[in-house]
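Fold and contact review
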Amino acid sequence: MARVLIVGAGLTGSLCAALLRREASSPLRLTVWDKAEDSGGRMTTASSPHNPQSTVDLGAQYITCTPHYAKIHQSFYDELLAGGILKPLTSPIDGMVIKEGDCNFVAPHGVSSISKHYLKQSGADICFRQRVTQINLRNNKWEVSRETGSSEQFDIIVLTMPAPQILQLQVISECQRQQLESVSYSSRYALGLFYEAGTKIDVPWAGRYITSNPCIRFISIDNKKRNIESSEIGPSLVIHTTVPFGVTYLEHSIEDVQELIFQQLENILPGLPQPVATKCQKWRHSQVTNAAANCLGQMTLHLQPFLVCGGDGFTQSNFDGCITSALCVLEALKNHI
């Protein structure tokens, strides 16, 4: 039975795992490793330490489906809508640009529930807090070393982390290196705030784009965005910073950044109550600003044994970009599974 390692449990990695399980012509032993503590990647959902039912989306906020992708990715949308993993976004988002024919969706159980859905389908062995440090060829297999735990051997590897992290592994040719080095990302911070049950945040919107602040670009009252009102669960709020702020303070401490965001938040929403918990997330690789050239959704790094990389660095930073990449990775793997 071929052993397949997928590095990264974000949307591309988790969908790759599900597609491989569905499409493989022979049995596979699927393994997924991620350096984070949970799945989702940049579609991650954080929980309050006081109440795990109080959650906040620290990455993607909602999913916009254009008429083009509604057609070619219809089966994916239909499946997620039928399973209650997505539902139409009906809450008011102040400042959102709506183009004709676009549909917007929200994940009622948090945006990371999409990755969790695909990982469950895949039946893969999933290990978190696993940072890959080296990949070496040994006896026509890939030997993969990690920060903690012994190295393991695999027949096929799929890398779905951001391009700069792939570059650190040094398993590529000079030409491939140049292509990966051309991928660029924006950087930002996200701050999640959790409040006690019964707290009122009295604004007429569920989300709001901010255009006049050097620090804050977007605010969402997350439970309101998902149309979830409960007397037992306190509201949760997420603030996304501007990219210039993210770049300027990229190497500053999380504590300092959080304090700066709070200061600016007071100007926008004065008199907010004190949260019972906070979660500040640095997105060093937030959204792709320049994708790899001449790569149709994936880059095959080695043929025998097979090593391929995918993700939004080879398409674009949105839900459909990740689906496109996962489908391209699957196509590249078809002769090897």
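Data block above holds the structure.
All of the points below concern the structure found in this document. (Residues numbered from 1 in each chain as written. Predicted model: local features only at pLDDT ≥ 70, side-chain atom pairs only at ≥ 80, totals over all residues. Heavy atoms only, no water.)

**Points about helix 10 (residues 319-333)**
Which entries qualify depends on this criterion: Segments assigned H or I by DSSP are reported as helices when at least four residues long, segments assigned E as strands when at least two residues long, and all are numbered from the N terminus. By this rule, a helix spans an expected 1.5 Å times one less than how many residues it contains. Each residue's exposure class comes from its accessible area (1.4 Å probe, protein chains only) as a fraction of the maximum for that residue type: buried when under 20%, exposed when over 50%, partly exposed otherwise.
For helix 10, spanning 15 residues, the distance from its first C-alpha to its last is 21 Å, which sits close to the expected 21 Å at 1.5 Å a residue. Among the 15 residues of helix 10, eleven are classified as buried, and the element is accordingly described as predominantly covered.

**Notes on the packing of aromatic side chains**
Quick note on the threshold: Between 30 and 60 degrees the pair is tilted, below 30 it is stacked and above 60 it is edge-to-face, where a pair is any two Phe, Tyr or Trp rings, Trp via its six-membered ring, whose centres lie within 6.5 Å.
Applying the stated rule across the entire model yields six aromatic pairs. Among the aromatic side chains, those forming a connected cluster through ring pairs are Tyr77, Phe105 and Phe319.

**Examining the packing of helix 3 (residues 74-82) against helix 4 (residues 112-122)**
Basically, it comes down to this: Each axis is a line fitted through C-alpha atoms, taken for helices only over the stretch in contact, and angles between the N-to-C directions span 0 to 180 degrees. The cut-offs work like this: below 35 degrees is roughly parallel, past 145 is roughly antiparallel, 65 to 115 is roughly perpendicular, and the gaps in between are oblique. Should any heavy atoms of two residues lie within 4.5 Å, those residues are considered in contact. Any residue outside Ala, Val, Leu, Ile, Met, Phe, Trp, Tyr, Cys, Pro, Asp, Glu, Lys and Arg is labelled polar, Gly included; the first ten of those are nonpolar and the last four are charged.
Remark: helix 3 packs on helix 4, axes separated minimally by 12 Å, with the N-to-C direction vectors making an angle of 100°. One way to sum up the angle between helix 3 and helix 4 is to call them roughly perpendicular. Seen from helix 3, the contacting residues are Phe76, Glu79 and Leu80; seen from helix 4, they are Ile114, His117, Tyr118 and Gln121. The class makeup of the residues in the contact of helix 3 with helix 4 is four nonpolar, two polar and one charged.

**With respect to the sheet that holds strand 21 (residues 298-302)**
For the record, the criterion: Between any two strands, pairing holds if DSSP finds at least two bridges.
Read from one edge of the open sheet, six strands run 9-2-1-13-22-21, paired in mixed fashion. Edge positions in the sheet fall to strand 9 (125-127) and strand 21, since each has one partner strand and no second. Put simply, the sheet's adjacent strands are angled 20° from each other on average, direction ignored. Its contacts with the sheet place helix 10 against strand 13 (156-159), strand 21 and strand 22 (306-310), and it is angled at close to 165° to strand 22.

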